[in-house]
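# Descriptive analysis of the structure
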Amino acid sequence: MNYKIKAFQTSQMEAKYTLQQLALRNGQDKPEIWVAYLGKIYDVSESRLWRNGKHYEHWAGQDLSEELKDAPHTESVFQKFKQVGVLV
Ligand code: HEM
């Protein structure tokens, strides 16, 4: 197995979404609830804490990398969620 080629193929297959596409996954316009953090997009639809796309003062469907600094938790909260793609 050539790991360099495998890594290349994986990154090529990653789903890519624009900010506009992400914005539709805000818990209001489409059933999916997605959040971007440091270029990665996570599906938080299953979370009770993101119901209707709202999490405390924050809305899903956005890149919330900067906002995480104000949160009382670290990025470890994303561990249990599936990464659905990358932000382009
Ligand atoms: C004022 C800002 C915020 C407050 C007060 C807040 C509060 C919380 C609390 C209390 C929890 C559950 C306990 C924990 O896991 O520590 C939580 C979970 C979580 N937070 Fe935040 N948070 C804030 C901002 C953010 C931001 C900006 C993001 C995204 C970049 C975020 C993403 C998450 C995620 C993904 C979870 C896990 C949800 C789950 O396990 O169902 N939070 N937050």
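Owing to the predicted nature of the structure, the values given are computational and were not obtained by experimental measurement.

### Description of the nonpolar core
Here is a general trend for soluble globular proteins: nonpolar side chains tend to be buried in one another's company. Grouped together as the largest cluster of nonpolar side chains are 10 residues: Leu22, Ile33, Trp34, Val35, Ala36, Ile41, Tyr42, Val44, Trp50 and Ala60. Sorting the residues of this core by element identifies strand 2 (34–37) and strand 3 (40–43) as the ones contributing at least two each. A total of 3 residues in this core trace back to one element, the largest contributor, which is strand 2. If we skip the residues at most four places from it in the chain, alanine 36 touches Leu22, Ile41, Gln62, Asp63, Leu64 and Leu87.

### A look at the sheet that holds strand 6 (residues 82–87)
Sheet architecture is open: 4 strands sit in the order 1-6-3-2, paired in mixed fashion. Each edge of the open sheet is held by one strand with a lone partner, namely strand 1 (16–17) and strand 2. Pairing geometry for strand 3 and strand 6, over 4 bridges, is antiparallel. Bridged to aspartate 43 within strand 6 is lysine 82.

Rules used throughout
Residues numbered from 1 in each chain as written. Predicted model: local features only at pLDDT ≥ 70, side-chain atom pairs only at ≥ 80, totals over all residues. Core = buried A, V, L, I, M, F, W, Y, C linked by C-beta atoms within 7 Å. Buried ≥ 20, exposed ≤ 12 C-beta atoms within 10 Å, placed from the backbone. Helix = DSSP H or I, 4+ residues; strand = E, 2+ residues; numbered from the N terminus. Contact = placed C-beta atoms within 7 Å. Pairing = 2+ DSSP bridges.

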